Amino acid sequence: MKFQVRTGNPLQYVKPLLVVAVPEFKDALPKGLKDFDEAVCGQLGSATMDFHGKSGQDLLCYTEGGSGRILFVGLGSKDSSNPDTIRKAAGRAGARAQKLKIDRLSFCLPLGKDAESAAQAVAEGVRLGAYVFNRYQTIDPKPDTLENVAIVCTAAQRARVQRGTKRGGTTGWGQVAVRDMVNTPACDWTPETFAKSARKLGADCGFKVEVKGPARLSKEKFGGILAVGGGSANEPRFIRMDYHKGKGKPVVLVGKGITFDTGGISLKPGADMDQMKGDMAGAGVVLATMATVARLGLKVNLIGLLCAAENMPSGTAYRPGDVVTVYGGKTIEVLNTDAEGRVVLADGLSYARDLDPRCVFDICTLTGAIIIALGHHTAGVMGTDQKVVNALLKSGRATSEKLWQMPLDDEHTQLVKSDIADVK
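No experiment lies behind these values; they were computed from the predicted model shown.

A. Looking closely at the side chain of S266. In this fold, S266 is placed in the loop between β9 (251-261) and α9 (281-296). Separated by 3.4 Å, the side chains of S266 and N336 make a polar contact. The residues touching S266, leaving out its near neighbours within four places in the chain, are P320, N336, T337 and D338.

Below, the structure is given as structure tokens:
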């Protein structure tokens, strides 16, 4: 999807679709919408019994003769210039554009003090709302026609809007990249696929990639990844990515990349097991983050580590009761092979410690229990440095990525002590 910035009267961009974001109103149509209402022959004013600009509302109108369209999307009443309300409205516009099977749209930038953040929200929202995964559909595939998006603003806003559009288009691309990885079935997304994708993105975006296969993992004693991946014909990989454009110690991202999780010998129930192709989402986020940071040219030192393996039951799979020695020499008594994420991440986190990092972020799908606790829209956070946790929570609020801190107490350390190994 390509983005551009246009200036001038938005009404010259009604073909094939112009999107206008509307703050919530009660009775009379706001004066700022008069020209748009006239362009659609009063259809907007006639619909005020049902359309009030509420969040989640939209109204598609046609210009005289049906030569153009204007889609009015509601921003809601809660701070209509908030980036998240704009992002959601833009998302509805992107989804509607795909249903209309059009290849381009123009979005009239909502009025507000911060045109740059508003433009970023529009670019992110349209890209995410228009997301379609139809790679495997040969009969009546979902329409995926939207290719070009123009953001319409004033001449005075142009420079700020261009900066916001570039950033939003790039961050939106990163989120879509993760969605594609998670949606791709495990037959086509293996640990080696992770390695190939990392190499390609590294070459395209400008970061260094190093891949360790089974021989090097064995030589360097990555016992956790080898144990979890030992039951699969798809051999495990450990992938290191380096981007150094800043000063000081690096920030390290560690991602859980279980490309499919059967539970191993401790086999999961069959219901919903198909969703376990998404057990590599943490590593997907790390890979897309590396590429996004490099594309934006951020002045940071960042290292990404992907712990990629497939957890399968077989005659070579690790077993409940086994003791695994992970990178750095610590030993783990495995009580349940469906705790495979913790085992591979023990390698990744131990390796990260050797990099003398400024801080480490571990991103992973470790347990569905967090969904029971927090629901589907909030991620759980645990950490050993409260200042870093606070910074992450603040970042989540700024980007509308909902996070909630969970406890990590001394009592938890006692719960994982083993009688025969270092931890269980």
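Once you've had a look at it, read on.
B. Highlighting the sheet that holds strand β4 (residues 69-76). With respect to topology, six strands assemble into an open sheet ordered β1-β6-β5-β2-β4-β3, the strand pairing being mixed. Every interior strand has two partners, whereas the edge strands, β1 (2-7) and β3 (58-62), have only one. The mean angle between the axes of side-by-side strands here comes to 25 degrees, regardless of whether they run parallel or antiparallel. Each of β2 (18-23), β3, β4 and β5 (104-108) is contacted by helix α3 (residues 83-100), which is oriented at about 150 degrees to β4, the strand it contacts most. Across the face of the sheet, helix α5 (residues 158-183) comes into contact with β1 and β6 (148-153) while running at roughly 165 degrees to β1.

C. Main features of the layout of surface pockets. Taken as a whole, the second largest pocket encloses approximately 410 Å³ of empty space. Forming the walls of the second largest pocket are 19 residues, and the residues nearest its centre are A21, C108, L109, P110 and L111. For the lining of the second largest pocket, the elements supplying multiple residues, two or more each, are β2 and β6. Of the residues forming the lining of the second largest pocket, the biggest block, three residues, is contributed by β2. Among the residues forming the lining of the second largest pocket, the class breakdown is 14 nonpolar, five polar and no charged.

Criteria and thresholds
- Residues numbered from 1 in each chain as written.
- Predicted model: local features only at pLDDT ≥ 70, side-chain atom pairs only at ≥ 80, totals over all residues.
- Heavy atoms only, no water.
- Helix = DSSP H or I, 4+ residues; strand = E, 2+ residues; numbered from the N terminus.
- Polar contact = N/O pair within 3.5 Å; in protein donor to acceptor, adjacent residues only side chain to side chain.
- Contact = heavy atoms within 4.5 Å.
- Pairing = 2+ DSSP bridges.
- Axes fitted to C-alpha atoms, helices over the stretch in contact; angles between N-to-C directions.
- 1 Å grid on protein atoms, 1.4 Å probe; cavity = no way out; pocket = protein on both sides within 12 Å on 5 of 7 lines; lining within 4 Å.
- Points joined across faces, edges and corners; volume = space filled by probe spheres on them.
- Nonpolar A, V, L, I, M, F, W, Y, C, P; charged D, E, K, R; others polar.

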